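The lines below spell out each chain.
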Amino acid sequence: GSPLNPMAAFRELDDWVHSRGGSVNGVEAREGPSGDRGLFATRPLSPGEVIMRLPENILITGQSARAVPHVAAVLRAVEEDKLEDSLDELANCDKDTVAMVLFLLAEAVMDNGSFRPWIDSLPKQFYTPITVPEATIESNLRGSFVLTFALEVRAELETLYEQFIVPYAIERFEHVYPM
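All values derive from a computational prediction rather than experimental measurement. (Residues numbered from 1 in each chain as written. Predicted model: local features only at pLDDT ≥ 70, side-chain atom pairs only at ≥ 80, totals over all residues. Heavy atoms only, no water.)

**What about the pairing of strand β2 (residues 27-31)?**
Bridge count for β2 against strand β3 (residues 37-41) is 5 bridges, and the pairing is antiparallel. Within β3, the position partnered with Ala-29 by the bridge is Leu-39. The antiparallel hairpin formed by β2 and β3 contains 5 residues in its connecting segment, where Gly-35 sits at a positive phi of about 95°. (Pairing = 2+ DSSP bridges. Helix = DSSP H or I, 4+ residues; strand = E, 2+ residues; numbered from the N terminus.)

**Some points on the packing of aromatic side chains**
According to the stated counting rule, one finds 2 aromatic pairs in the structure shown. With a centroid separation of 5.3 Å and an interplanar angle of 65°, the aromatic rings of Trp-16 and Phe-115 are classed as edge-to-face. Taken together, the positions of Trp-16 in helix α1 (residues 6-19) and Phe-115 in the loop between α5 (95-109) and α6 (116-121) put the pair 99 residues apart, joining distant regions of the chain. You'll find Trp-16 and Phe-115 in the same group, each marked buried. Just above the ring of Phe-115 sits the side chain of Arg-20; from NZ or CZ to the centre is 5.8 Å. (Phe/Tyr/Trp six-rings, centres within 6.5 Å; stacked < 30°, edge-to-face > 60°. Buried < 20%, exposed > 50% of the residue type's maximum accessible area, 1.4 Å probe, protein only. Lys NZ or Arg CZ within 6 Å of the ring centre and 35° of its normal.)

**Looking at the packing of helix α3 (residues 69-80) against helix α8 (residues 145-172)**
Here α3 crosses α8 at 105°, and the two axes come no closer than 11 Å. Looking at the two axes, α3 sits roughly perpendicular to α8. Contacts between α3 and α8 pair Val-74, Ala-77 and Val-78 from the former with Tyr-168, Ala-169 and Arg-172 from the latter. Classifying every residue of the contact of α3 with α8 by side-chain character gives 5 nonpolar, no polar and 1 charged. (Axes fitted to C-alpha atoms, helices over the stretch in contact; angles between N-to-C directions. Parallel < 35°, antiparallel > 145°, perpendicular 65-115°, else oblique. Contact = heavy atoms within 4.5 Å. Nonpolar A, V, L, I, M, F, W, Y, C, P; charged D, E, K, R; others polar.)

Here it is as structure tokens:
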């Protein structure tokens, strides 16, 4: 689908949550004054008040991702091709994490994926501890033992996903991952 403006995407996300049996009360997703996205209270909230209920059918877990046919097929192919040893050598790999990455990758490229309203509500660019620009990591962690660890973890994940899992899935299952 075509990219939605953030407010339209948030309205669709709210409709999607409700249509799948969830509820959102007293908060709304929107962009704040600084451009960051988040949940903002629409009224005073009481301590302990339930503001959101999300049914299991909209939670992305390792178990739910592994149950999706195309993800299960990729994982089966990895086993059949005896690539599990390579996975273990590349990183302390957890199949649930790999399954969730493969699931999200497919959802991101499908125009009519079942998680499209959620995908459309995400910012087009954001940073996690692993995706912060390397220069930023180095300047902020210079002189810290954490710098070496952070760069090693980052290198392992980049190798695992950018040079192994994702290209493997695209090559073997190009109808699912049309990149």
